[in-house]
Amino acid sequence: MKHAEEQSGKSVLVNQFIKFEPSYQYLYESVAQKKYGRLLKVRLLGETAPLWGDLGLGTITTNLMIHDLDFISWLLGATAPSGVWGSQGAQEGQAVVEAIFNKPNVSAQVIASSLMPAAYPFTVGYEAYFERAKLEFH
């Protein structure tokens, strides 16, 4: 990326767009402002049919989960996962992966699946549990 930036004379950035999506900005601001009290648990979900190329165990994190993982880092600060699980699908290039992030007062979960049937729409969403509310986006 640095080489491409130097060659082009332009800035090159990783496309971490999810934090600019209004629904995710609202969640972030709600947490930062403690609008509904303290955040207790958040679960982010991404599901897709195998339309985006190889989304098997070796690539699903960087090609599908990267945006959700970046959002969790933005929301909770730098946090190492406390658990990771994954399984290859029946067909090559398909998988389901879960990453869990536990901090003393909050837990986060990111689930990504490329196991959906061909007609299944690309789906993202979250559920966030607060002391006084629950936010859902699908």
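Further up the page is the structure itself.
Residues numbered from 1 in each chain as written. Predicted model: local features only at pLDDT ≥ 70, side-chain atom pairs only at ≥ 80, totals over all residues. Heavy atoms only, no water.

Overall, the coordinates contain eight aromatic pairs when judged by the stated rule. On the numbers, 5.2 Å between centres and 70° between planes, the contact of tyrosine 24 with tyrosine 126 is edge-to-face. Within this pair, whereas tyrosine 24 is found in helix H2 (residues 22-32), its partner tyrosine 126 is found in strand E5 (residues 123-130), the two being separated by 102 residues in sequence. Take tyrosine 24 and tyrosine 126: they sit in the same class, and that class is buried. An angle of 70° between the planes, with centres 5.8 Å apart, marks the rings of tryptophan 52 and phenylalanine 122 as edge-to-face. Of the two residues, tryptophan 52 sits in the loop between strand E1 (39-47) and helix H3 (60-76) while phenylalanine 122 sits in the loop between strand E4 (106-113) and E5, which places them 70 residues apart along the sequence. Here phenylalanine 122 falls in the partly exposed class, since its relative accessible area comes to 46%. An aromatic cluster is built from Tyr24, Tyr28, Phe71, Trp74, Tyr126 and Phe137, whose rings are joined through pairwise contacts. (Phe/Tyr/Trp six-rings, centres within 6.5 Å; stacked < 30°, edge-to-face > 60°. Helix = DSSP H or I, 4+ residues; strand = E, 2+ residues; numbered from the N terminus. Buried < 20%, exposed > 50% of the residue type's maximum accessible area, 1.4 Å probe, protein only.)

Right, let's talk about the side chain of glutamine 109 for a bit. Of note, glutamine 109 is situated in strand E4. A polar contact is formed between the side chain of glutamine 109 and the side chain of glutamate 98, at a distance of 2.4 Å. (Polar contact = N/O pair within 3.5 Å; in protein donor to acceptor, adjacent residues only side chain to side chain.)

Everything listed is a geometric property; what it means functionally is a separate question.
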